[in-house]
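Chain by chain, the residues:
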Amino acid sequence: KWTTDDGRIMVNGQPLVLKGVNYFGFETETYAPHGIWDHNLNDMLDFIKDNNFNAIRVPFSMEMVRDNPVIMNVHCHNNPNLCGTSALRMLDIFIDRAAERGLLIVLDNHRTQSGGYISPPLWYNNSAGYPEDEVIRLWKQLVMKYKNQWNVFAIDLKNEPRDAATWGRSNRNTDWNQAAERMINALHEFPGFFFVGGIEWGGRFENAAQYPIETGRAHLNERVVYSPHCYGPDVYDRSEFHVENTHEYAKNLDRIYTAKYGFLAEKGYPVVIGEWGGKAKPGTRDAKWNNGFVDWIRDKCMTNNFYWALNPNSGHTGGLLEDDWKTPIQHKLDLVNRAQPNPTKFKKHNEKICITKGT
């Protein structure tokens, strides 16, 4: 049973401690996790498990769900039985293999259309044939498919609302908080968590202080999780990253991030960082930010997180692996280990799921 209690996310009445990573590809034109064009999918999942992660956030596109195309660009010899597989069957296989390794899954509505398109700023895209009711229909299709799959523990309703997206303005066409409430109510059969990102690329929740997500149903409200995204100067440079004094730098970041979303944890709302990261090359301004961010989420007891990303082919951030998809980048692994050193462990045994507490 998944629920929340006084700002904590819980599994069977015990705190759930998350150390997660984003692994993308289903939302792209290959309709499959990246890297399997050269390597075995099992090797990718083994790397995640062996490095003490317990959860994967899996971006997908609504187009993938609707059209269910055949997956592309797979090394058939290294991935027997995957060539010619449909996208949704590939997702089944991915989720099952993750479950074998005790890895939880968040399904992330990352894009409307697949390929190189940036996700639309709102949760619907009428011009592309994805009005709100169609988005909800496709979400329902996934929910019904996976509602009894033990390791699909959360769904992320919409990646990074921005631009026209508002929160608490009483505008049905732009208010993301109202849309999230409608979507959660429509998807009430899903037994896990509903991740809700902030506006302005996922990072701003100021208006949630006055307008928290309220579905009208207690059993749904207790499974709402606020999921901010936060990046440093390798992704988007800001003036606050140029403060040289170490004490003032930390104080400034605390002020900014507490105002944007840190206050949610202080008020007792559950928070899971959905994306963070960067190249963090030692000695750079980005490394300073990444280390400062880890210090901050530890100080705020807000360390449940999903690092972006496993994939080395993420342009602004790189990944946990070098471009060969094999060699670990140790300074990044050290960073995420410091952020969350002791996650909850899951292991299937005799048709039961054994849970080892994290801290």
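Residues numbered from 1 in each chain as written. Predicted model: local features only at pLDDT ≥ 70, side-chain atom pairs only at ≥ 80, totals over all residues. Heavy atoms only, no water.

So, the pairing of strand β5 (residues 55-61)
- By the criterion of burial, β5 is predominantly enclosed, with 7 of the 7 residues buried.
- Here β5 shows no split at all, with Ala-55, Arg-57, Pro-59 and Ser-61 on one side and Ile-56, Val-58 and Phe-60 on the other all buried.
- Here strand β4 (residues 19-22) runs beside β5; their pairing, made up of 3 bridges, is parallel. The residue of β5 that forms the bridge with Gly-20 is Ala-55.
- With helix α1 (residues 41-50) bridging β4 and the parallel β5, this β-α-β connection has right-handed handedness.
- Relative to strand β6 (residues 104-111), β5 runs parallel, the two sharing 7 bridges. Bridging from a neighbouring strand, Ile-56 pairs with Ile-105 of β6. (Buried < 20%, exposed > 50% of the residue type's maximum accessible area, 1.4 Å probe, protein only. Helix = DSSP H or I, 4+ residues; strand = E, 2+ residues; numbered from the N terminus. Pairing = 2+ DSSP bridges. Right-handed = clockwise from strand over helix to strand, strands pointing away.)

Here we look at the packing of helix α9 (residues 285-299) against helix α10 (residues 330-339)
- Their axes nearest at 9 Å, the elements α9 and α10 cross at an angle of 15°. Considered as vectors, α9 and α10 are oriented roughly parallel to each other. When you trace α9 past α10, the crossing you get is right-handed. Here Asn-290, Asn-291, Val-294, Asp-295, Ile-297 and Arg-298 of α9 come into contact with α10, specifically with Leu-335, Arg-338 and Ala-339.
- Here the contact of α9 with α10 is built from residues that sort into 4 nonpolar, 2 polar and 3 charged. (Axes fitted to C-alpha atoms, helices over the stretch in contact; angles between N-to-C directions. Parallel < 35°, antiparallel > 145°, perpendicular 65-115°, else oblique. Left-handed = near helix turned anticlockwise from the far one by under 90°. Contact = heavy atoms within 4.5 Å. Nonpolar A, V, L, I, M, F, W, Y, C, P; charged D, E, K, R; others polar.)

Points about the packing of aromatic side chains
- Under the defined criterion, the tally for this structure stands at 27 aromatic pairs.
- Geometrically, the ring pair formed by Phe-60 and Trp-139 is edge-to-face, given 5.3 Å between the ring centres and 90° between the ring planes. One end of the pair, Phe-60, is in strand β5; the other, Trp-139, is in helix α4 (residues 132-146), with 79 residues separating them in the sequence. The pair formed by Phe-60 and Trp-139 is uniform in burial state, with each residue classed as buried. (Phe/Tyr/Trp six-rings, centres within 6.5 Å; stacked < 30°, edge-to-face > 60°.)

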